[in-house]
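Chain and residue survey
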There are 2 protein chains.
Amino acid sequence: MSARVVPEGSRRRRRPTKQGAVLSERLIVDTALRLVARHGAEALSVRRLGAALGADPSALYRYFRNTDALLLAIADELVGRAQEGWEASGDWRTDLRVMGLRIHRSYLAQPQAALLAAHRTTGRPHETRAVEKILGILRDGGFPDPLAVRVYHAFVDQALAFAAQDAAAAALPRAAGEADREVWGKVYGRLPAETHPHIAATFPLLAADMRDSGYPFALELMLTALETLHPDATAGPERAHGKKS
Amino acid sequence: MSARVVPEGSRRRRRPTKQGAVLSERLIVDTALRLVARHGAEALSVRRLGAALGADPSALYRYFRNTDALLLAIADELVGRAQEGWEASGDWRTDLRVMGLRIHRSYLAQPQAALLAAHRTTGRPHETRAVEKILGILRDGGFPDPLAVRVYHAFVDQALAFAAQDAAAAALPRAAGEADREVWGKVYGRLPAETHPHIAATFPLLAADMRDSGYPFALELMLTALETLHPDATAGPERAHGKKS
DNA sequence: GACCTTACGTCAACACCATTGACGTGTAAA
DNA sequence: TTTACACGTCAATGGTGTTGACGTAAGGTC
């Protein structure tokens, strides 16, 4: 047994592999992300990652305790990427909308890792920074603390839940994903009006709508509702007052 | 190769296994659910399920083309359980609310299985019936078809996404789950106001709110927004100042 | 420049996984 | 009673994550 993993900070010996690669936590995470992006979620296995790195698969265990630890490292990277370059506009509607879509998009870019990350609380720097930002949008936007907190919770959970949901669809093995999509034509398209009148009546609309994620519309609905809950609900929309943060 | 699976309707020979079990689609799904409930999602493998049934693992392939088909059958069972005994009240707000909470609850009752199932489109009987019901609530409630379809999509995805999200938290290995919950006290509770002013200012509220699911509030927000979008919105609740989309 | 310690890449093995083709038994229909 | 074939079983294939043992070469020390 023994502790095979040496913490990244105290690494000193950097021995190249037989094929000449010099491994590092960073290189492994990046290679994994490239592998998934290029060949799909099911291509991410220890053996394949080893091959892509030009190293023996078991070498990875010198850097990560197990594949779970590797996926978490990848996930943390995603949280960071979602915030990269974001700046507050000062209008809470805009800021929430952009932040929600950013989270959703960034997770979708790496479905496999997203699935693992979306329901964990890591407490790592990227995550706390994101929490701080969203709370800031709401409090600076004029929501009183108790409401801001409830809204924060619903907003974040919804973004993460949809991200995971859509990521799961994207991470499905090719065959299973196609099967799911075919169900719409093969099953729902052929339900008779006698037994399923509502489906039969709206089928073309349904089939078209279900192709995309439901998140953008769900997000708009949430923003609409927040408009009515906001303390100055009577005031107009566009009013970028002084900002903060 | 060849078609090993005989459709459930036309089964005739029921030969007991060596250990005396008489297999059926129903028995297999029920056993799988029991297995998952008892030993966690990772205990669900063809081999273990075979053992639990008292049959050779490969016997399952006489009933399901592959493990994916089995998963879909499990998923549909959960959908069915969510609808059991439901009756329309005639008020679309009430009906949507009840339906959403039912789905959420039914999935949470089997967190491990829910995780495997919440992301799939099965096209099976229970699922189509649920789709028909929800579409019916919206169309009978007065939403015009194009809007009804969009709302249906957002509503269902929201319910399933939150269900999966909360199921995931409930299904986490005990150690990992506790670790995640501790993060709130150990990390978020100790962030200094200088670097994370918003978190520091609202921490007690945050820690309390994050203990429960965000779904009920998110669902209310969606219903509030739908009130605004509904054709006879003018009568609506107080401060819905003619927002349109 | 020689020596020592040990990090870390490699190898081989283990236990598990899903899936499939061939086989033969016993059931149910004729 | 006979016959056909449904379906449970067996064995094999090629995948997976993970680990213990091993040796080599890198880095620090003198």
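Parameters and conventions
- Residues numbered from 1 in each chain as written.
- Chains lettered and ligands numbered in written order.
- Predicted model: local features only at pLDDT ≥ 70, side-chain atom pairs only at ≥ 80, totals over all residues.
- Heavy atoms only, no water.
- Domains from an automatic or database assignment.
- Contact = heavy atoms within 4.5 Å.
- Buried area = accessible area lost by both parts, 1.4 Å probe.
- Polar contact = N/O pair within 3.5 Å; in protein donor to acceptor, adjacent residues only side chain to side chain.
- Helix = DSSP H or I, 4+ residues; strand = E, 2+ residues; numbered from the N terminus.
- Expected span 1.5 Å × (residues − 1).
- Buried < 20%, exposed > 50% of the residue type's maximum accessible area, 1.4 Å probe, protein only.
- Least-squares fit on C-alpha atoms with pLDDT ≥ 70 in both.
- Salt bridge = Lys/Arg side-chain N within 4 Å of Asp/Glu carboxyl O.
- Nonpolar A, V, L, I, M, F, W, Y, C, P; charged D, E, K, R; others polar.
- Phe/Tyr/Trp six-rings, centres within 6.5 Å; stacked < 30°, edge-to-face > 60°.
- Lys NZ or Arg CZ within 6 Å of the ring centre and 35° of its normal.

A separate point is the domain arrangement of chain A. Residues and elements named next belong to chain A. According to the domain assignment, chain A consists of domain 1 (8–65) and domain 2 (84–229). Taking only C-alpha atoms into account, the centre of domain 1 sits 32 Å from that of domain 2. On the side of domain 2, 5 residues touch domain 1, which itself brings 6 residues to the contact. Between domain 1 and domain 2 lies a buried interface of about 450 Å² when both sides are counted; carbon and sulfur atoms form 59% of it. Summed over the shared surface of domain 1 and domain 2, the number is 0 residue pairs in polar contact (both at pLDDT 80 or more).

Turning our eyes to something else, we now look at the environment of A21 of chain A. Residue and element names in this part refer to chain A. Structurally, the position occupied by A21 is in the segment before helix 1 (25–39). Placed 33 residues apart in sequence, A21 and G54 show a C-alpha to C-alpha distance of 6.3 Å. If we ignore the near neighbours within four places in the chain, the residues touching A21 are R15, P16, L53 and G54.

This part takes up helix 10 (residues 215–229) of chain A. Its 15 residues place the ends of helix 10 of chain A 21 Å apart at the C-alpha level, agreeing with the 21 Å of an ideal helix rising 1.5 Å per residue. Buried residues dominate helix 10 of chain A, accounting for 12 of its 15 residues. For helix 10 of chain A, the set of buried residues is Y215, F217, A218, L219, L221, M222, L223, T224, A225, L226, E227 and T228 of chain A. Contact partners of the buried residues in helix 10 of chain A: helix 4 (92–108) and helix 7 (145–171) of chain A together with helix 7 (145–171) and helix 10 (215–229) of chain B.

With that out of the way, let us pick up the relation of the copies chain B and chain A. When chain B is fitted to chain A, the best match, at an RMSD of 1.9 Å, comes from turning it 178° and sliding it 0.6 Å along the axis. Taken together, the rotation and translation describe the operation of a two-fold axis. When the interface residues of chain B are mapped onto chain A, 92% of them again fall at the interface, so both copies present the same face.

This part is about the interface of chain B and chain A. How big an interface is tends to be stated in terms of accessible area lost as the parts join. Of the residues lining the interface, 65 residues belong to chain B; the matching set on chain A comes to 65 residues. Our enumeration of links across chain B and chain A arrives at 1 salt bridge. With its nearest N and O atoms 2.7 Å apart, the salt bridge here joins R120 of chain B to D180 of chain A. One can count 19 residue pairs in polar contact (both at pLDDT 80 or more) joining chain B with chain A. Breaking the side of chain B that touches chain A down by element, the ones donating at least two residues are helix 6 (125–140), helix 7, helix 8 (174–186), helix 9 (197–209) and helix 10 of chain B. Ranked by residues supplied to the side of chain B that touches chain A, first place goes to helix 7 of chain B with 16 residues. Of the residues in the side of chain B that touches chain A, the class split is 32 nonpolar, 18 polar and 15 charged.

Time to look at the packing of aromatic side chains. Going through the model one piece at a time under the given rule, you end up with 6 aromatic pairs over all chains. With centroids separated by 5.0 Å and ring planes inclined at 80°, the aromatic side chains of W92 of chain A and F143 of chain A adopt a geometry described as edge-to-face. Note that W92 of chain A is positioned in helix 4 and F143 of chain A in the loop between helix 6 (125–140) and helix 7, a separation of 51 residues in sequence. Each member of the pair, W92 of chain A as well as F143 of chain A, is classed as buried. Just above the ring of F217 of chain B sits the side chain of R150 of chain A; from NZ or CZ to the centre is 4.1 Å.

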